[in-house]
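# Understanding the architecture of this molecule
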Amino acid sequence: MSGKRRRRRAARRRNDKERIQINILPKHVMFVLCFLCGVIMFVSYRFPAYMQPVKNVIDMVVFPMQRGINHIGTRISDSFRRFEDLEDLRKENEELRAQIEDLTAKSQMTNQDRYELDALRKLYELDGKYTDYPKVAARIIARESNGWYRSFTLDKGSNDGIKKNMNVIAGNGLVGIVSDVRKSTCIVRAIIDDNSSVSGMFSSSGDTCIVTGNMNSLKNDGIIPVSMISMNASVINNEEVVVSHISDRYLPGILIGYVKDVYVDSSNMTKAAVLVPAVDFEHLDEVLVITVLKETEE
Amino acid sequence: MIRAIVYLIEIFVCFILQTSVFSYFSLSGVVPDCILILVISVAYMGGQNKAIIVGFLSGLLLDIMSGGIIGLCPLIYMGVAYLAGYSNKVFDAHDYIIPNALVFVGEVVYSVAYYCGTFLLMGKTGLFGYMANTIIPRVIYTLIVGLFMYPLFLLLEKLISFTGGVADDN
């Protein structure tokens, strides 16, 4: 008798449990989580520092995996490329040899010029302008996780001395700026990202301009727009654009790219143009982080 | 309990796939949205509640790792999960057309919503440019990957319910 009652009670409990489960309506879950989302959005916007520990913890879990996969992936793609590129390399080798001869001749001439320049610069006490910035090499381990932003994750973080707003270069061109730092990784926002704009300067004339990122035009033609060029500026095609001195976060003198197709923009007050970035963003693998901040320089 | 652990692992694997692995196979600069495939699959197989939670967690992970404001991705994933969850009523393990169609529609909804939530608010009109360059390649790529990923999720789901997942109710 008691056994039967116990069984019945157990069954009733099970029923209760099921009923409670059914009672949680999706719209209630949705409502609560939406509210939570709103709170998180507000906190991450207003008080980014509070999210930092969370970011670090998740980073600690994800980072080793990303680095491992990156290691394997690079090796595999390298081994594929080795077979594919053999012919190309041979051809390229010949071209490069010809170029080396050409360049050695030129470099001798440039060397002479440089001695002269150094002497003149000393004369004018113009040093400090072309100082070599200290750099840290880093490897890209993940990129644009949602397909919209041109940003990527590097395998160096605050443990390696990386700070927010440090400049990132590859080869000799500007790649972007460190926008977020964790313990062992950091996030770099590329200059071709839609959110980015850099104050640039034409290296020959010193006229300034604004280089803004635009994913659409980059994808179509490999270019990004340049605006706010003074009407009086004389700009020739393929002129170098470097970071200007008035830029607040980017270090002056870093090459951004080469300008072309200058036209008067719709306001009739300034000129605009397009710019071919000096860095090939599609095939970026290793980059250099400049460990000097603009603020400390001033 | 088993189900929760399996879902967490699935979220994690999808995240790693999307950010690290597929960047080696990116076509015209886009990577497939593995997490959306997971969310849709869970919505179709398990219903709204589970899908909303999975969408919330995976969106959170994505946003935290990509830097910037956290909260938009989970919001959109949850919305997609909520809508897609209605299809659970017609769930049939042998049907591959409905989930893949849902992946297609879900990715379009996600992309347009994401565009509205970020680019439109930044004043970048020109939806058609983004449509042609980002959204359409992404939708197609996601759909193709989804054809292969959905059966895997289905298999896992069957395994869970086989190993006693029926008793636990997450």
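### Re the interface of chain A and chain B
In this complex, chain A contributes 39 residues to the contact, which on the side of chain B involves 40 residues. Among the elements of the structure, α2 (26–46), α3 (48–84), β1 (135–143), β4 (173–181) and α5 (215–221) of chain A are those that each provide at least two residues to the side of chain A that touches chain B. Here the side of chain A that touches chain B takes 11 residues from α3 of chain A, the largest share from any one element. Along the lines of polarity and charge, the residues of the side of chain A that touches chain B split into 22 nonpolar, 12 polar and five charged.

### Describing the confidence of the model for chain A
Residue and element names in this part refer to chain A. On average, residues of chain A score 80 in pLDDT, and 85% of them reach the 70 mark or higher. Per-residue pLDDT, averaged within each element of chain A, yields its smallest value for helix α1 (residues 2–23) (59) and its largest for α2 (90). Between residues 126–130, whose pLDDT stays under 50, and residues either more than four places distant or in other chains, the model counts four contacts.

### Let's talk about unusual backbone geometry
For residues that are not glycine, phi is negative in most cases, and the peptide bond is trans in most cases. We note that Asn165 of chain A has phi near 70 degrees; this positive angle belongs to a residue other than glycine. Along the chain, Asn165 of chain A turns up in the loop between β2 (151–154) and β3 (167–170).

### Things to note about the packing of helix α2 (residues 34–46) of chain B against helix α3 (residues 48–66) of chain B
Residue and element names in this part refer to chain B. Closest axis-to-axis distance for the α2/α3 pair is 7 Å, and the angle between their directions is 165 degrees. Our classification of the angle between α2 and α3 gives roughly antiparallel. For the crossing formed where α2 meets α3, the hand is right-handed. Contacts between α2 and α3 involve Ile35, Leu38, Val39, Val42, Ala43 and Gly46 from the first element and Gln48, Lys50, Ala51, Val54, Gly55, Ser58 and Leu62 from the second. Looking at the contact of α2 with α3 residue by residue, the class counts come to eight nonpolar, four polar and one charged.

### What to know about the pairing of strand β12 (residues 286–290) of chain A
Where β1 of chain A lies against β12 of chain A, five bridges are found, and the strand directions are antiparallel. Note on β12 of chain A: the bridge partner recorded for Arg139 of chain A is Glu286 of chain A.

### As for the pairing of strand β10 (residues 255–264) of chain A
Residue and element names in this part refer to chain A. Judged from the four bridges that link them, strand β9 (residues 239–243) and β10 form a sheet pairing that is antiparallel. Each bridged residue has a counterpart across the sheet, and for Glu240 the counterpart in β10 is Tyr258. What sits between β10 and strand β11 (residues 270–277) in their antiparallel hairpin is a turn of five residues, with Asn268 showing a positive phi close to 65 degrees.

### A short note on the confidence of the model for chain B
For any part of a model where pLDDT is low, the fine detail of the predicted coordinates should not be relied upon. Residue and element names in this part refer to chain B. The predicted model of chain B has a mean per-residue pLDDT of 86, with 96% of residues at 70 or higher. The low-confidence segment residues 165–170 (pLDDT under 50) makes 11 contacts with residues lying over four places distant or belonging to another chain. Quick note on the complex model: pTM equals 0.72, ipTM equals 0.84.

### As for α3 of chain A
The first and last C-alpha atoms of α3 of chain A sit only 46 Å apart over 37 residues, clearly below the 54 Å expected at 1.5 Å per residue. Residue Val62 of chain A marks the point of greatest curvature in α3 of chain A, where the axis turns by about 35 degrees; the proline Pro64 of chain A follows within four residues. Those residues of α3 of chain A lying buried are Lys55, Asp59, Val62, Phe63, Gln66 and Asn70 of chain A. Residues of α3 of chain A that are buried make contact with β1 of chain A together with α1 (2–21) and α3 of chain B.

### Considering α2 of chain A
The first and last C-alpha atoms of α2 of chain A sit 30 Å apart over 21 residues, in line with the 30 Å expected at 1.5 Å per residue. Those residues of α2 of chain A that fall on the buried side of the exposure criterion are Val29, Met30, Leu33, Cys37, Ile40 and Ser44 of chain A. Along α2 of chain A, the residues classed as buried sweep out an arc of 90 degrees about the axis, all on the same side. Exposed side of α2 of chain A, more than 90 degrees from the buried face: Lys27, His28, Phe31, Phe35, Gly38, Val39, Phe42 and Arg46 of chain A are the residues found there. Elements in contact with the buried residues of α2 of chain A: α3 of chain A together with α3 and α4 (72–84) of chain B.

Rules of the game
Here the residue index of a chain counts from 1 through its sequence in written order. The naming scheme follows written order: chains are lettered A onward, ligands numbered 1 onward. Restriction of local features to residues with pLDDT of at least 70 applies here, the model being predicted, together with a cutoff of 80 or more for giving and counting side-chain atom pairs; totals for whole chains, interfaces and linings are based on all residues. Contact between residues is assigned whenever the C-beta positions, reconstructed from backbone atoms, fall within 7 Å. A run of H or I in DSSP becomes a helix once it reaches four residues, and a run of E becomes a strand once it reaches two; helices and strands are each numbered from the N terminus. For this classification, the nonpolar set comprises Ala, Val, Leu, Ile, Met, Phe, Trp, Tyr, Cys and Pro, the charged set comprises Asp, Glu, Lys and Arg, and every other residue, Gly included, is treated as polar. Confidence scores here are pLDDT values: one per residue, from the predictor, ranging 0 to 100. Note on geometry: axes are C-alpha line fits, over the in-contact stretch for helices, and angles between N-to-C directions span 0 to 180 degrees. For classification, angles of less than 35 degrees are called roughly parallel, those exceeding 145 degrees roughly antiparallel, those between 65 and 115 degrees roughly perpendicular, and all remaining angles oblique. If you view the pair so one helix is near and one far, a crossing is left-handed when the near helix is turned anticlockwise from the far one by less than a right angle, and right-handed when it is turned clockwise. Strands are treated as partners if at least two bridges between them are detected by DSSP. Every helix has an expected span of 1.5 Å times one less than the residues it contains. The angle between axes fitted to the seven-residue stretch ending at a residue and the seven-residue stretch beginning at it gives the bend at that residue. Partly exposed residues are those falling between the two cut-offs: more than 12 but fewer than 20 other C-beta atoms within 10 Å of their own, whereas 20 or more means buried and 12 or fewer means exposed, with C-beta atoms placed from the backbone. By definition, the arc is the one covered by directions from the helix axis to the C-beta atoms.

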